[in-house]
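Structural characterization, general
Next come the chains, spelled out residue by residue.
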Amino acid sequence: MAQQHDTNSAGAGLPPIDLRSDTVTKPTEAMYARMASAPLGDDGLDGDPTAQELEAVAAAALGKEAGLFVPSCTMANLLATLAQSQRSEQIVLEANAHMYTSERGAATFTGQFYLAIAGREGAMDLNLLEDALQGEGLKLRTALVAMETSHNNASGAVLPLEHMQAVHAMASARGVPVHLDGARLFNAAVALEAAPAEVARHCDTVSLCLSKGLSAPAGAVLAGPRAMIDRSRRFRRMLGGTQRQIGIVAAAGLEAVQVMGARLGEDHRRARALSDALNGMHPKISATIPQTNIVQVDVSLSGRDSAAWSRALERAGLKARPWGRHRLRCVTHRHIDDADIERAVMAFRAVAGALG
């Protein structure tokens, strides 16, 4: 009986609301149209004209000299490290950065070392960064500094531009390039009410994911100085990232870069509505106040772990992703409307009601 009540509370007969990630977004009709008519070529031989157009358009949007289309943002970040640092050199980044928590396994074959710097809301401690940049005595040489905005593990927090400027200045003074993991950079730009290039100006290289809130089916762009992009293109081939007539997918990426950033504020507004509702619901759950489209829900006081909450919420018609043992992550995107937020709140309320 309780399970039936939960299901009805979130909308009987309706498909589940999927807040696990903005990676679940499907291409728009305009993307499909551009994909159907895209000029194609062999990107490993003479070049694919649509992929080349995407690289130029994305690089311009990010204020960089050149761009490279790659299968994923993980590959874009890896190429940035390979092209700008050597084996036995050090990459410095904030301790909860996605490149550190989820991608540093690449060091098993790159031979590079990752140094995690403590931070707050995704912004690394500048005093600790200064120490890492010293490179004196027996310390490893720091070859690259990496930032992330918006910051996935910090509930979509956006780095202040002043912080980014300070990091870039400190690194540049030591001759160290700065890479920006900008998987959700367009979300950060919307939150800052700034152009993407204004955010990316505080780094030497930048990655941009096309398949999250921007809704393309796959792919990312790495942008930066032309010489660095040329090196990255060679590394891309070594990693098996050359994709032949990839203009079919790049066409959707063009629509993503040129059109889809304008609507991201809707996702941010709905994330805040979800957060506000959850924070007023029950004393044993609390939600972060989002700057962008990511809400983390702390269930540590509820007596259930995040996996149990996820299962119960799914029975109530809501998919939310466990984010560690005591947190859930909810991410809004273009397939989520105001009614879906109301249904999501109803699902949380139904599950929380069992807590007493």
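Since the structure is predicted, the reported quantities are computational estimates derived from the model, not experimental observations.

Taken in spatial order, the seven strands line up as S2-S10-S9-S8-S7-S3-S4 in an open sheet, and their pairing is mixed. The strands lining the two open edges of the sheet, one partner per strand, are strand S2 (66–70) and strand S4 (113–117). Between one strand axis and the next, the sheet turns by 20° as a mean value, whatever way the strands run. Relative to S2, helix H3 (residues 49–61) is tilted by about 125°, and along the sheet it contacts S2 and strand S10 (220–224).

The subject of this paragraph is the pattern of salt bridges. Inspection of the entire model under this criterion finds 18 salt bridges. Arg270 is the partner of Asp338 in a salt bridge, and the nearest nitrogen-oxygen pair spans 2.8 Å. With a gap of 68 residues between them, Asp338 in helix H15 (residues 338–353) and Arg270 in helix H13 (residues 264–279) connect regions that are remote in the sequence. On the basis of relative accessibility, which here comes to 11%, the residue Arg270 falls in the buried class. One network of salt bridges, in which partners are shared, links Arg263, Glu266, Asp267, Arg269, Arg270 and Asp338.

As a further point, take the sheet that holds strand S12 (residues 294–298). Ordered by their spatial adjacency, four strands build an open sheet running S11-S12-S15-S14, and the pairing between neighbours is antiparallel. Among the strands making up the open sheet, the edge pair consists of strand S11 (286–287) and strand S14 (321–322). Relative to strand S15 (residues 327–331), S14 is paired through two bridges, and the arrangement is antiparallel. Note on S15: the bridge partner recorded for Pro322 is Leu328.

Take the domain arrangement of the protein next. Taken domain by domain, the protein consists of domain 1 (29–260) and domain 2 (263–354). On a C-alpha basis, the centres of domain 1 and domain 2 stand 29 Å from each other. In this assembly, 17 residues from domain 1 lie in contact with 14 residues from domain 2. Taking both partners together, domain 1 and domain 2 bury about 1300 Å²; carbon and sulfur atoms supply 49% of that area. Three residues, Ser155, Asn187 and Met260, lead the burial of domain 1 against domain 2; their summed loss comes to 38% of the area buried on that side. Our count for the contact surface shared by domain 1 and domain 2 stands at zero salt bridges. At the boundary of domain 1 and domain 2, one finds 10 residue pairs in polar contact (both at pLDDT 80 or more). Here the side of domain 1 that touches domain 2 is composed, by residue class, of eight nonpolar, eight polar and one charged.

Relative orientation of the contacting elements helix H2 (residues 29–36) and helix H12 (residues 247–259) amounts to 140°, with a least axis distance of 8 Å. Taken together, the axis directions place H2 and H12 in an arrangement best described as oblique. Once H2 is placed against H12, the crossing between them reads as right-handed. On H12, the residues touching Ala30, Met31, Arg34 and Met35 of H2 are Ile248, Ala251, Ala252, Leu254, Glu255, Ala256 and Gln258. Looking at the contact of H2 with H12 residue by residue, the class counts come to eight nonpolar, one polar and two charged.

Now for the pairing of S2. Burial analysis of S2 places five of its five residues in the buried class, the great majority of the element. Along S2, one buried face is formed by Ala66, Leu68 and Val70 and the opposite face, lined by Gly67 and Phe69, is buried too. Across five bridges, S2 lies against S10 in antiparallel orientation. In the sheet register, Phe69 faces S10, and the bridge partner there is Val221.

One simple way to see leftover space: roll a probe sized like a water molecule over the atoms. What the largest pocket holds in volume is close to 300 Å³. What lines the largest pocket is a set of 20 residues, among which His98, Glu103, Asn152, Arg184 and Lys212 lie closest to the centre. Residue assignment for the lining of the largest pocket shows that the elements contributing at least two residues are helix H4 (73–84) and helix H5 (98–101). Ranked by the residues each element gives to the lining of the largest pocket, the list is headed by H4, at three residues. Each residue belonging to the lining of the largest pocket can be placed in one class, and the counts come to three nonpolar, 10 polar and seven charged.

Rules of the game
Residues numbered from 1 in each chain as written. Predicted model: local features only at pLDDT ≥ 70, side-chain atom pairs only at ≥ 80, totals over all residues. Heavy atoms only, no water. Pairing = 2+ DSSP bridges. Helix = DSSP H or I, 4+ residues; strand = E, 2+ residues; numbered from the N terminus. Axes fitted to C-alpha atoms, helices over the stretch in contact; angles between N-to-C directions. Contact = heavy atoms within 4.5 Å. Salt bridge = Lys/Arg side-chain N within 4 Å of Asp/Glu carboxyl O. Buried < 20%, exposed > 50% of the residue type's maximum accessible area, 1.4 Å probe, protein only. Domains from an automatic or database assignment. Buried area = accessible area lost by both parts, 1.4 Å probe. Polar contact = N/O pair within 3.5 Å; in protein donor to acceptor, adjacent residues only side chain to side chain. Nonpolar A, V, L, I, M, F, W, Y, C, P; charged D, E, K, R; others polar. Parallel < 35°, antiparallel > 145°, perpendicular 65-115°, else oblique. Left-handed = near helix turned anticlockwise from the far one by under 90°. 1 Å grid on protein atoms, 1.4 Å probe; cavity = no way out; pocket = protein on both sides within 12 Å on 5 of 7 lines; lining within 4 Å. Points joined across faces, edges and corners; volume = space filled by probe spheres on them.

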